[in-house]
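Chain and residue survey
Each chain, written out:
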Amino acid sequence: MEKPSKIGPAKGKLGVLLPGLGAVSTTFMAGVELVRKGKSQPVGSLTQIGTIRLGKRTDARSPLIKKFVPLAKLTDLTFGGWDIFKDNAYQSAANAGVLNPQDLEKVKPFLSTIKPMKAAFDHDFVKLIDGPNIKKGKNKYELALQIKDDIENFRKTSRASRLVTCWCGSTESFVKPEEVHSTPEKFIEAMKSNHPAIAPSMLYAWASVTSGVPFANGAPNLTVDIPAIQKLAHDHNVAICGKDFKTGQTLMKTILAPGFKARMLGLEGWFSTNILGNRDGEVLEDPGSFKTKEESKLSVLEYILQPDLYPQLYGKMCHKVRINYYPPRGDNKEGWDNIDIFGWLGYPMQIKVDFLCRDSILAAPIVLDLVLFLDLAQRAGMRGIQEWLSFYFKSPMTAPGLYPEHDLFIQSMKLKNTLRWMKGEDLITHLGQEYYD
Ligand SMILES: NC(=O)c1ccc[n+]([C@@H]2O[C@H](COP(=O)([O-])OP(=O)(O)OC[C@H]3O[C@@H](n4cnc5c(N)ncnc54)[C@H](O)[C@@H]3O)[C@@H](O)[C@H]2O)c1
């Protein structure tokens, strides 16, 4: 890809479209509003509090990322969304129970105005929930056209100059890439014939991309990770990225595993189990939805540890992931990891991680950063898969034939170097020989 010759200014409002007004998206919107009102801090967001070093270590140039690249301001964000339930964003946030009532009360008037548009939904893809706020149409193509209308209506009524979509809907049942996903033409035919391999999230993706709206996928479903949508993204000059927000246990894995590998420590096994009680956990009780999540969670260690290159360290590694729906826990998940490592002469050791995390608190700043960075990429003319945003995903999308980079520290370097590259600054290699001349 060529370096952007110029980046368009972030003028006017940025409309954020969210399929799925559940725990993550309402925590994100409530948080943006609390920060805008000066009542809270955007902790966890690189775009809001991260800095970027430019030039040599002796140059002392480390501007805030939001000052270095032209990002939309929080005050310019405006929100819309779809859900199968009719609850407005306040009611939905109250149901999700992530934020405490005192915080929610402060943003009640704002959240109450965000009412979900009717969803394109297919019970076959999310078996354990059902709702009344659903579009009707002859076939999937008609539903996709209705989503396109929603997007244009939102564009008009919100007076946004630019839009971004971020899928925050439930995890859908596992589907493999098929022939119908291979080209835009076959994809349209498949929508018209109600092909079972066309998931609702793909309809939102198709509608967004063909409307010139960038799309981020926060769930492990394929969604934009199919050749048909990628070709359309290319043809319509639209930026896309995915998939599956990297939070909780997988975030920990991609922090710890690169450390073991860097020190050439072996790994015999990694057993991960979770209890969670939110709606996401309920959906993941269904084996189809769990399989989609499992695939996303399992691939991480293989890629980071490269057992083919280090068979003596990782060739026999056993990796298991369990998710258990346990309602009393709500959104406050607990994830246990038992890690069996070995060191010098093969002597075994164990590490136990017990992460009492808050899923949506970790996911909300990711949504914010993705929205702002995708909008930036779009204004810089960067179309198709944005691999530099891998930092935020459990299963990063890559060009065909390229393996994904899962190591959080490589991903972070890649993200920052991409920002430097966009602005014509020197890339930072950390070589540093010049300090010793
Ligand atoms: N840390 C995290 O919370 C985290 C991490 C990684 C991925 N994710 C993914 O993000 C997504 C959202 O998570 P959540 O905790 O907010 O879940 P949630 O269940 O609280 O919210 C999802 C919402 O999507 C709605 N929905 C389902 N199908 C829809 C459709 N076709 N159109 C419109 N709306 C639809 C549901 O009614 C629900 O309100 C899930 O797919 C989850 O797996 C979350």
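Now for a look at the structure at hand. (Residues numbered from 1 in each chain as written. Predicted model: local features only at pLDDT ≥ 70, side-chain atom pairs only at ≥ 80, totals over all residues. Heavy atoms only, no water.)

A closer look at the overall build of the protein chain
- In terms of regular secondary structure, the protein chain is built from 16 helices and eleven strands.
- With the principal axes as the frame, the protein chain shows a C-alpha extent of 65 × 50 × 50 Å.
- Classification of the 437 residues of the protein chain by burial places 56% in the buried group.
- In the protein chain, of all internal contacts separated by at least 6 residues, the share reaching a separation of at least 24 is 75%.
- Counting only carbon and sulfur atoms, one obtains 54% of the accessible surface of the protein chain, whose full area is about 19,400 Å².
- With 56 positive and 47 negative side-chain charges, the protein chain shows a separation of 6 Å between the mean positions of the two kinds. (Helix = DSSP H or I, 4+ residues; strand = E, 2+ residues; numbered from the N terminus. Buried < 20%, exposed > 50% of the residue type's maximum accessible area, 1.4 Å probe, protein only. Contact = heavy atoms within 4.5 Å. Areas by Shrake-Rupley, 256 points an atom, 1.4 Å probe, with all protein chains shown as cover. Lys, Arg positive; Asp, Glu negative; His and termini not counted. Charge placed at Lys NZ, Arg CZ, Asp CG, Glu CD.)

A closer look at the nonpolar core
- Judged by nonpolar contacts, the single largest core of 63 residues is most densely connected at Phe 28, Met 29, Leu 111, Phe 373, Leu 389, Tyr 392 and Leu 419.
- The element contributing the most residues to this core is helix 15 (residues 359-379), with twelve residues.
- By size, the runner-up hydrophobic cluster in this structure holds 49 residues, among which are Leu 17, Phe 121, Ile 134 and Val 209. (Core = buried A, V, L, I, M, F, W, Y, C linked by side-chain atoms within 4.5 Å.)

Considering the site of the ligand
- The ligand sits among 30 residues. The nearest are Val 24, Asp 83, Gly 169, Thr 171 and Arg 279.
- Side-chain polar atom of Thr 171 to an oxygen atom of the ligand: 2.8 Å apart, as the coordinates give it.
- Residue Tyr 204 places a side-chain N or O atom 2.9 Å away from a nitrogen atom belonging to the ligand.
- Its free accessible area being 830 Å², the ligand has 99% of it covered by the protein chains.
- Judged by the fraction of its atoms near the pocket grid, the ligand is located in the largest pocket.
- Elements with a contribution of two residues or more to the shell around the ligand: helix 1 (23-36), strand 2 (77-83), helix 9 (200-210), helix 12 (279-283) and helix 15.
- Taken together, the residues that form the shell around the ligand break down as 16 nonpolar, seven polar and seven charged. (Near = heavy atom within 4 Å. Polar contact = N/O pair within 3.5 Å; in protein donor to acceptor, adjacent residues only side chain to side chain. 1 Å grid on protein atoms, 1.4 Å probe; cavity = no way out; pocket = protein on both sides within 12 Å on 5 of 7 lines; lining within 4 Å. Sits in = over half its atoms within 2 Å of the grid points. Nonpolar A, V, L, I, M, F, W, Y, C, P; charged D, E, K, R; others polar.)

Observations regarding the layout of surface pockets
- Considering only enclosed or pocket space, the largest pocket measures out at about 800 Å³ in volume.
- Around the largest pocket, the lining comprises 50 residues; the ones closest to its centre are Cys 168, Gly 169, Ser 170, Thr 171 and Asp 280.
- When its residues are assigned to classes, the lining of the largest pocket shows 25 nonpolar, 14 polar and eleven charged.
- Taken as a whole, the second largest pocket spans an internal volume of roughly 590 Å³.
- Lining the second largest pocket are 30 residues, and of these Pro 177, Leu 222, Asp 225, Lys 243 and Ser 395 lie nearest its centre.
- Elements that contribute at least two residues to the lining of the second largest pocket include exactly helix 10 (227-235) and helix 13 (287-305).
- No other element matches helix 13, which puts five residues into the lining of the second largest pocket.
- Taken together, the residues of the lining of the second largest pocket break down into 15 nonpolar, ten polar and five charged. (Points joined across faces, edges and corners; volume = space filled by probe spheres on them.)

Notes on the sheet that holds strand 9 (residues 334-342)
- Ordered in space as 8-7-9-10, the four strands form an open sheet in which the pairing is mixed. Whereas interior strands pair on both sides, the edge strands pair on one side only; in this sheet they are strand 8 (318-325) and strand 10 (348-356). If you compare each strand with its neighbour and ignore which way they point, the axes differ by 10° on average.
- The sheet contact formed by strand 7 (residues 266-276) and strand 8 spans eight bridges and is parallel. Of the residues in strand 8, the one forming a bridge with Ser 272 is Val 321.
- Its contacts with the sheet put helix 11 (residues 248-262) on strand 7, strand 8, strand 9 and strand 10, and the angle it makes with strand 7 is roughly 165°.
- Each of strand 7 and strand 8 is contacted by helix 13, which is oriented at about 150° to strand 8, the strand it contacts most. (Pairing = 2+ DSSP bridges. Axes fitted to C-alpha atoms, helices over the stretch in contact; angles between N-to-C directions.)

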